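Below are the chains, spelled out letter by letter.
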Number of protein chains: 2
Amino acid sequence: MSTELKRGLEGVVVTESELSDIDGEAGRLIYRGYTIDELARQASYEETLYLLWHGELPNSRQLKVFSEQMAAARSLDEGVLKIVRDLAEADQEPMAALRTITSALAAYDPEADAEVTDEEANNRKSRRITAKMPTALAAYNQIRNGNEPIAPREDLSHAANFLYMLNGEEPDDVLAETFDMALVLHADHGLNASTFSAMVTASTLADLHSAVTSAIGTLSGSLHGGANANVMKMLKEIDDSEMDPVEWVVDALERGERVAGFGHRVYNVKDPRANILGEHSEALGEAAGDTKWYEMSLAIEEYIKAEKGLAPNVDFYSASTYYQMGIPIDLYTPIFAISRVGGWLAHVLEQWEDNRLIRPRAHYTGPEDVEYVPLDER
Amino acid sequence: MSTELKRGLEGVVVTESELSDIDGEAGRLIYRGYTIDELARQASYEETLYLLWHGELPNSRQLKVFSEQMAAARSLDEGVLKIVRDLAEADQEPMAALRTITSALAAYDPEADAEVTDEEANNRKSRRITAKMPTALAAYNQIRNGNEPIAPREDLSHAANFLYMLNGEEPDDVLAETFDMALVLHADHGLNASTFSAMVTASTLADLHSAVTSAIGTLSGSLHGGANANVMKMLKEIDDSEMDPVEWVVDALERGERVAGFGHRVYNVKDPRANILGEHSEALGEAAGDTKWYEMSLAIEEYIKAEKGLAPNVDFYSASTYYQMGIPIDLYTPIFAISRVGGWLAHVLEQWEDNRLIRPRAHYTGPEDVEYVPLDER
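What comes next concerns the included structure. (Residues numbered from 1 in each chain as written. Chains lettered and ligands numbered in written order. Predicted model: local features only at pLDDT ≥ 70, side-chain atom pairs only at ≥ 80, totals over all residues. Heavy atoms only, no water.)

Things to note about the interface of chain A and chain B
Right, so step 1: Contacts between the two partners involve 100 residues from chain A and, on the opposite side, 100 residues from chain B.
Right, so step 2: Between chain A and chain B lies a buried interface of about 9100 Å² when both sides are counted; carbon and sulfur atoms form 55% of it.
Right, so step 3: Three residues, A:Val13, A:Arg359 and A:Tyr372, lead the burial of chain A against chain B; their summed loss comes to 10% of the area buried on that side.
Right, so step 4: Linking chain A with chain B are 14 salt bridges, by the criterion used here.
Right, so step 5: Among the salt bridges present, the one from A:Glu368 reaches B:Arg28, with a minimum N-O distance of 3.9 Å.
Right, so step 6: Applying the counting criterion to the chain A and chain B interface returns 53 residue pairs in polar contact (both at pLDDT 80 or more).
Right, so step 7: Among the elements that make up the side of chain A that touches chain B, the one with the highest residue count is helix α10 (residues 208-219) of chain A (six residues). (Contact = heavy atoms within 4.5 Å. Buried area = accessible area lost by both parts, 1.4 Å probe. Salt bridge = Lys/Arg side-chain N within 4 Å of Asp/Glu carboxyl O. Polar contact = N/O pair within 3.5 Å; in protein donor to acceptor, adjacent residues only side chain to side chain. Helix = DSSP H or I, 4+ residues; strand = E, 2+ residues; numbered from the N terminus.)

Observations concerning the pairing of strand β3 (residues 28-31) of chain A
Residues and elements named next belong to chain A.
Right, so step 1: As paired elements, strand β2 (residues 20-23) and β3 share four bridges and run antiparallel to each other. Note that in β3 the partner of Ile22 across the bridge is Leu29.
Right, so step 2: Hairpin connection, β2 to β3: the antiparallel pair is bridged by four residues, and Gly27 has positive phi, about 70°.
Right, so step 3: As defined by bridge partners, β3 adjoins strand β4 (residues 34-35) across two bridges and the pair is classed as antiparallel. (Pairing = 2+ DSSP bridges.)

Describing the side chain of A:Thr135
Residues and elements named next belong to chain A.
Right, so step 1: Turning to its location among the elements, Thr135 is positioned in helix α6 (residues 119-144).
Right, so step 2: A distance of 2.8 Å separates the side chain of Thr135 from the backbone oxygen of Arg74, its partner in a polar contact.
Right, so step 3: Not counting residues within four places of it along the chain, the set of residues in contact with Thr135 comprises Arg74, Leu76, Pro152 and Met165.

What about the pattern of salt bridges?
Right, so step 1: Inspection of the entire model under this criterion finds 44 salt bridges over all chains.
Right, so step 2: A salt bridge links A:Asp86 to B:Lys82; its shortest N-O distance comes to 2.9 Å. A residue pair is termed interchain when its members come from two chains, as with A:Asp86 in helix α4 (residues 78-89) and B:Lys82 in helix α4 (residues 78-89).
Right, so step 3: The buried category is assigned to A:Asp86, whose relative accessible area is 7%.
Right, so step 4: When its relative accessible area of 40% is taken as the criterion, B:Lys82 is described as partly exposed.
Right, so step 5: Beyond isolated ion pairs, a larger network of salt bridges with shared partners links A:Asp109, A:Glu111, A:Arg124 and A:Arg128. (Buried < 20%, exposed > 50% of the residue type's maximum accessible area, 1.4 Å probe, protein only.)

Description of the packing of helix α2 (residues 45-54) of chain B against helix α16 (residues 332-351) of chain B
Helix-helix packing: each pair is described by the crossing angle between the helix axes and the interaxial distance.
All names here are of chain B.
Right, so step 1: Close contact between α2 and α16 brings their axes to 9 Å; oriented N to C, the two are set at 15°. Classified by the interaxial angle, the pair formed by α2 and α16 is roughly parallel. When the axes of α2 and α16 are compared, the crossing they make is right-handed. Contacts from Tyr45, Leu49, Leu52 and Trp53 of α2 reach α16 at Ile338, Ser339, Val341, Gly342, Gly343, Leu345 and Ala346. (Axes fitted to C-alpha atoms, helices over the stretch in contact; angles between N-to-C directions. Parallel < 35°, antiparallel > 145°, perpendicular 65-115°, else oblique. Left-handed = near helix turned anticlockwise from the far one by under 90°.)

Details of the environment of B:Thr218
Right, so step 1: With respect to the helices and strands, the residue B:Thr218 is situated in helix α10 (residues 208-219).
Right, so step 2: Taking the C-alpha atoms as reference, B:Thr218 lies 8.9 Å from B:Ala198; in sequence the two are 20 residues apart.
Right, so step 3: Every residue in contact with B:Thr218, bar those within four places of it in the chain, is listed here: A:Val200, A:Thr201, A:Thr204, A:Ala206, A:Ser214, B:Ala193, B:Ser194, B:Ser197 and B:His224.

Let's talk about the side chain of B:Asn228
All names here are of chain B.
Right, so step 1: With respect to the helices, strands and loops of the structure, Asn228 is situated in helix α11 (residues 227-241).
Right, so step 2: Judged by its relative accessible area of 0%, Asn228 is buried.
Right, so step 3: Only 3.2 Å separates the side chain of Asn228 from the side chain of Thr333, close enough to count as a polar contact.
Right, so step 4: With near-sequence residues (within four places) excluded, Asn228 lies in contact with Asp315, Ser318, Ala319, Tyr322, Tyr332, Thr333 and Phe336.

Some thoughts on the packing of aromatic side chains
Right, so step 1: The final tally for this structure, using the stated rule, is 19 aromatic pairs over all chains.
Right, so step 2: Plain terms: the ring middles of A:Tyr322 and A:Tyr332 are 5.3 Å apart, the flat faces sit at 65° to each other, and that makes the pair edge-to-face. Here the residue A:Tyr322 occupies a position in helix α15 (residues 314-324), and A:Tyr332 occupies one in helix α16 (residues 332-351), the gap between them amounting to 10 residues.
Right, so step 3: The class for A:Tyr322 is buried, based on a relative accessible area of 1%.
Right, so step 4: Seen in terms of ring centroids, B:Tyr50 and B:Phe66 are 5.5 Å apart; in terms of plane orientation they differ by 90°. Their pairing is edge-to-face. One end of the pair, B:Tyr50, is in helix α2; the other, B:Phe66, is in helix α3 (residues 60-72), with 16 residues separating them in the sequence. (Phe/Tyr/Trp six-rings, centres within 6.5 Å; stacked < 30°, edge-to-face > 60°.)

Written out as structure tokens, the structure reads:
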């Protein structure tokens, strides 16, 4: 047994996977052999889910069946809606609410008792979890704003339906396509921490709801999914300060602060997802006649690149994209979750084809042979 | 970067820890230098928690303050009780219910918004989570049986109070001490899968409620905490069959079935916890004038040892111990959780002293450079 310490498991290869691959030197991300560029520009989120879960892109008939199955699974049981209401009224913050609600979906899943290894049941459960999380998130947002939840519509795409439930009106094509692109972009990314936590949970043969619940909790951390909201908070702070963005960043760096949205353990060059999101951020600004958020982001990107040699990651341009779409800042991370759930489930289903318990070791550095002194003599 | 595949992370050392150490050859388990034998026989669960969380055994005054803090944190908010009621009425199975409820505790925690790295807040949150999980579990059990939840009492120990809430009457000393011993025995065990999942979640700086929720889900799997219930189901099946236990086991092995409660990735000899639990299983049988469950277990242990060279693990004797205490079989794994939560929290608090994101890699074995064919041409 090697006793070399592998802190953070950096560089440790824990499994084989056919799902996605990242070339950190070339700035390339593929899902099952397709570049993220092609998929984000051409495939819908439903097609991407099908690709991840079933190994290949669907043909028109397969996509129609799959999309209908997904759409039919969107609505929430009354019991789940009750919990959504309780949490929104208790002012629970959105990622924690989404974690609790997703965990609670298990109580109302018609196949909660199916064998963990029942492939067909797992496909149905995967669709239900992925279809219901956006409904729950939109309902939570409506309730905390004092409104009644808006029931999902089956005639809209996954992306368009979410925006419809969130805003109470059908999105135009630009909004729906931008959101769909964002869902595709975030759907999978190798063994990031949330995906890995889903795999650790599932490795004990715990069920899909447990695995996804773990992943949502993991994604909520500021070193993972929490970063996109932090980028937008920074951009707003810069805007409020009326300072030049680069000057603001120089000051922040001098105060020893980290600039959110830069650097990634896996990429050494610009994250390909940041390129695509940057284009959309610019396009949304141009359509609205005000490109300030994009320009501010670009100025910061150029400065940090020159000064620190760091490139923006996916969170950096998703921030201004979502902001210009009118999405509340504290929903950015939950939106990451409603996309990445596709990847979480894909990795778990892949792992169960040849499962192995994930159990590393710690090197014990505590005391040995301490004498036990009874309580009354301490 | 090594690309050697480390499936299941077997033998991979991911961190240093001062919390517990397992000598799988000698059959020895220590918490911070104290053998599990000494702790299980002499220390209470509260003392053990204090040891794990604060680095040393408390003196009488420290223990008094700590126990009072724990006892004062037992009761549940109305909002949590409502969710407990919903889940019990939806007939949600107990581990999934405990996962959802523990996640929901965050919504009612007065310090839910404290900085993740606020040590004092984390100590208080750790006490609240650990104090409230047993209350929630007992309330769930009362409600599913058609009863009202029994409010916790502050004048009883952690162990005795749980049995009081579960059964509606104060336990005698033997029951309370046996349960306390079981809680001490299960409190920590290196980087088992549930503890590791708590660490993966916390490594993104997700909060304690997220980490514990992940761990409960992970523990629920049949390859981890689910095993103790499976042992009891087997013993009951043997009893119902009226067969000789060894003959039953021989038949089961011939059918290609696994006998629950044997073998462990870390131990090559008998798990020291199984020894202690075996003694209690025997003592409970003797006190009740019927040692059949213990004798059945012992006969199976001897046969499997001779035939397969496998020794019983902690689950094997916790099954008959809990059964003779009158605990419902489907609460065995949740009881494991209300003990192990002490270890989960200890590992997360230790990790945050010098945190590092846990993000391994996968070796990509899928296709490369697949040509994207538009939907209408597929």
